[in-house]
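Structure at a glance
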Amino acid sequence: MKIAYYPGCTLKTKARNLEKAALASFKVLGIEVEELPRWNCCGAVYSLADDDLIHIVAPVRDLVRAQQQGAETVLTLCAMCYNTLARANDLMKNDEEKRDTINRFMDEEPDYFGEVKVVHLLDYIRDDYGFEKLAEKVVKPLKGIKVAPYYGCTLLRPREVALDKPDQPELFQKLMETLGAEVIEFPSATTCCGTYQVLGNPEAALDVSHGIITDAVDHGANAMALACPLCDYNLGKRQDQMKSKFENMPEMPIYYVSQLLAIALGIGAEECDFDLNRESSLKLLQANNLISA
Amino acid sequence: MSTVTDEKPAVEIKMIPVYIMGKKYEVPAELTIMKAIEYAGYKYIRGCGCRGGICGACATVYRKPGDYKIYTGLACQTVVEPNMYLTQLPFYPAIRATYDFSELHGEAEEVHALYPEVFRCVACNACTKVCPMDVEVMDYIAAIKRGDLKAAAEISFDCIQCGLCASRCMGELPQYHIAQLVRRINGAYLTPKAEHLQTMVANIEAGRYVKVLQELKAMDVETLKKTYTERELEPATAGDDWTPQSNKGL
């Protein structure tokens, strides 16, 4: 059966490179996904206020849509959408009182009890597709790419929705290893990039992001991979600001996990929308003969 | 043989109670809300509109006894029900962004910049529930958020700009104004241009019809009538590819 695919708004605009490379990879891998015919913004951030149930309505509505479609699994690519949908699902499954309140409020939709499973590309490959099967499909091992897999926060926290052990995750490294890249372990792999502080306190966010990149460089990385458009903004798009603030700031190519997956599967650069990445991202792949110049 | 009399046939008019702005009136059960309001003695100066279910001027909100639901409809189309509480809401304030359409490029970001409040939507769906035209308002707002203006234009196509969506929105969005901008953008930038129209406009601008029109203008009335009646008529059974032998008088 086809898997219901929830893209999220940013993947249709500023992070098209995350989606396009993933969909191209699914075709090669034989993973059949179908975008939900109706979906709304998940809200991007899971509300932490205990009584703020109105902000849970949006992600629950998406889960209801998936269920209406007859799907058992909803696949996400964006780390924030994953987090928001998975936590809303967790609440609907386990918090009877809040579930009743939300179901009563959404009286135009069928009741929902958390039946749908929310997965991310990373755990889907680990748990359903399998690294061994993936290894067989790799035609262009990512030789020369010393990649620091960067989790950020939302794939690993809180515990209820963590894709792996929050303090010592291995999943992302395993995937990069399977794709033939040299994996760089670095302590900042699960440090927050600064997220929305970029709006209220942009200098503080810049300092944090800078620390993460220099940590990756210090451990020998020549590339970073991630799965979150906001991390990409802070670590990728803001590197020019880091360069004017910090001396000897190195250039760091940033990739979405899906782009490295696609390249290793032999998919052409035209399916990866590298024009939305830093220029150095394309150059590093060209320098290592992974895509034609 | 029947005889004609002055007596009117006995028609039983069933009267039902309705509450217009909280006051009880007995009105004939078959009337629309609009006619019932007039029957009750109110006179429309504005907020009446086309009386044909199209213009959106007579949006009405009502409730039924023992039911927490809000119901809506167009007063000119909705028939009264016993004990309904109703009021007309012919206008609901919503701020329309000011823009020079010729300076837009049809980008989603432009819509987001003109109506940043679109991101206040929490997908509560109150807009869709209240829409008297059954437009999936929340879905077109969702489409706008993710930059799919074409989908938004198509979903909002039946909008009659009554404003009830804006009246119910907890994010305080002016949905119907945003949708109108999106449909304009769809028409101007996202819909393929009709090539035959451009060819025709070019022909007109090149003066193709100037001579014919001048000849017509110079004719006296009798010649004009004769030319018109003697023109080649399209046969009733003609197919789509029918073309006249002569364009005289056409």
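Here, the structure is the one placed above.
Model, not experiment: these values are computed from the prediction.

Cut-off values and rules
- Residues numbered from 1 in each chain as written.
- Chains lettered and ligands numbered in written order.
- Predicted model: local features only at pLDDT ≥ 70, side-chain atom pairs only at ≥ 80, totals over all residues.
- Heavy atoms only, no water.
- Helix = DSSP H or I, 4+ residues; strand = E, 2+ residues; numbered from the N terminus.
- Rg over C-alpha atoms; globule rule 2.2 N^0.38 Å.
- Buried < 20%, exposed > 50% of the residue type's maximum accessible area, 1.4 Å probe, protein only.
- Areas by Shrake-Rupley, 256 points an atom, 1.4 Å probe, with all protein chains shown as cover.
- Lys, Arg positive; Asp, Glu negative; His and termini not counted.
- Charge placed at Lys NZ, Arg CZ, Asp CG, Glu CD.
- Disulfide = S-S within 2.5 Å.
- Pairing = 2+ DSSP bridges.
- Axes fitted to C-alpha atoms, helices over the stretch in contact; angles between N-to-C directions.
- Contact = heavy atoms within 4.5 Å.
- Buried area = accessible area lost by both parts, 1.4 Å probe.
- Salt bridge = Lys/Arg side-chain N within 4 Å of Asp/Glu carboxyl O.
- Polar contact = N/O pair within 3.5 Å; in protein donor to acceptor, adjacent residues only side chain to side chain.
- Phe/Tyr/Trp six-rings, centres within 6.5 Å; stacked < 30°, edge-to-face > 60°.
- Lys NZ or Arg CZ within 6 Å of the ring centre and 35° of its normal.
- Parallel < 35°, antiparallel > 145°, perpendicular 65-115°, else oblique.

1. Quick look at the overall build of chain A
For chain A, the count of helices and strands is 13 helices and eight strands. Taken over the C-alpha trace, chain A has a radius of gyration of 19 Å; the compact-globule value for 293 residues is 19 Å, and the two agree within 12%. Viewed in the frame of its principal axes, chain A has a C-alpha envelope of about 55 × 45 × 30 Å. The 293 residues of chain A split such that 56% are buried. Summing over all exposed atoms, chain A offers an accessible surface of approximately 12,400 Å²; the carbon and sulfur share of this is 48%. Averaged over its 31 positive side-chain charges, chain A has a centre that lies 4 Å from the centre of its 44 negative ones.

2. Considerations on the overall build of chain B
Secondary structure summary: chain B contains 10 helices and five strands in total. Computed over C-alpha atoms, the radius of gyration of chain B comes to 27 Å, more than 25% over the 18 Å expected from 2.2 N^0.38 for 250 residues, which places it beyond the range of a compact globule. Based on the C-alpha atoms only, the size of chain B along its principal axes is roughly 75 × 70 × 35 Å. Taking all 250 residues of chain B together, the buried fraction comes to 37%.

3. A word on the state of the cysteines
All names here are of chain A. Throughout the structure, instances matching the rule amount to zero disulfides over all chains. The thiol of Cys-9 is unpaired, and the distance to the nearest cysteine sulfur, on Cys-41, comes to 4.1 Å. On the basis of relative accessible area, Cys-9 is assigned to the buried category, the value being 13%. No disulfide involves Cys-78; its nearest neighbouring cysteine sulfur is the one of Cys-81, lying 3.7 Å away. Classification of Cys-78 by relative accessible area gives buried; the value is 5%.

4. Considerations on the sheet that holds strand β3 (residues 73–76) of chain A
Residues and elements named next belong to chain A. Taken together, the four strands give an open sheet; going across it, the order is β2-β1-β3-β4, and neighbouring strands pair in parallel fashion. Edge positions in the sheet fall to β2 (33–35) and β4 (117–120), since each of these pairs with one other strand and no more. Averaged over all pairs of adjacent strands, the angle between their axes in this sheet comes to 35 degrees, without regard to strand direction. Pairing of strand β1 (residues 3–6) with β2, which is carried by three bridges, proceeds in the parallel orientation. By the bridge assignment for β2, Tyr-5 is matched with Glu-35. The sheet strands contacting helix α1 (residues 16–29) are β1, β2 and β3, and the helix crosses β2 at an angle near 145 degrees.

5. A word on the interface of chain A and chain B
Taken together, the contact between chain A and chain B spans 18 residues of the former and 16 residues of the latter. Ranking the residues of chain A by area buried against chain B places Arg-38, Trp-39 and Asp-107 of chain A at the top, with a combined share of 30%. The interface formed by chain A and chain B holds six salt bridges in total. The salt bridge partner of Lys-129 of chain B is Asp-107 of chain A, with a shortest N-O separation of 3.4 Å. Our count for the chain A to chain B interface comes out at 10 residue pairs in polar contact (both at pLDDT 80 or more).

6. A closer look at the pairing of strand β5 (residues 85–88) of chain B
Residues and elements named next belong to chain B. Burial of the side chains of β5 is restricted to one face: Leu-86 and Gln-88 are buried, whereas none of Tyr-85 and Thr-87 on the reverse face is. With four bridges connecting them, strand β3 (residues 59–63) and β5 associate as antiparallel partners. Within β5, the position partnered with Tyr-62 by the bridge is Leu-86.

7. Comments concerning the packing of aromatic side chains
For the structure on display, the rule yields seven aromatic pairs over all chains. Geometrically, the ring pair formed by Tyr-255 of chain A and Phe-274 of chain A is edge-to-face, given 6.3 Å between the ring centres and 90 degrees between the ring planes. Here Tyr-255 of chain A is found in strand β8 (residues 254–256), whereas its partner Phe-274 of chain A is found in the loop between α12 (257–264) and α13 (279–287), with 19 residues between them in sequence. Each member of the pair, Tyr-255 of chain A as well as Phe-274 of chain A, is classed as buried. Ring plane angle 40 degrees and centroid distance 5.8 Å describe the contact between Phe-101 of chain B and Tyr-189 of chain B, whose orientation is recorded as tilted. Of the two residues, Phe-101 of chain B is situated in the loop between β5 and α2 (108–114) and Tyr-189 of chain B in helix α7 (residues 175–190); the sequence distance between them amounts to 88 residues. On the accessibility criterion, Tyr-189 of chain B (34% relative accessible area) is partly exposed. Here the basic side chain of Lys-64 of chain B rests over the ring of Tyr-71 of chain B, its NZ or CZ set 4.2 Å away from the ring centre.

8. Digging into the packing of helix α5 (residues 121–129) of chain A against helix α7 (residues 171–178) of chain A
Residues and elements named next belong to chain A. Here α5 crosses α7 at 70 degrees, and the two axes come no closer than 10 Å. The orientation of α5 with respect to α7, classified from their angle, is roughly perpendicular. Across the interface between the two elements, Leu-122, Asp-123, Ile-125 and Arg-126 from α5 touch Leu-171, Phe-172 and Leu-175 from α7.

9. Considering the sheet that holds strand β2 (residues 23–28) of chain B
All names here are of chain B. The five strands lie next to each other as β2-β1-β5-β3-β4, forming an open sheet whose pairing is mixed. At either margin of the open sheet sits one strand with a lone partner, and together these are β2 and β4 (71–74). On average, adjacent strands in this sheet sit at an angle of 35 degrees to one another, irrespective of strand direction. Taken together, the four bridges between β3 and β4 define a ladder with antiparallel strand orientation. By the bridge assignment for β4, Val-61 is matched with Thr-72.

Nothing here speaks to function; it is geometry throughout.
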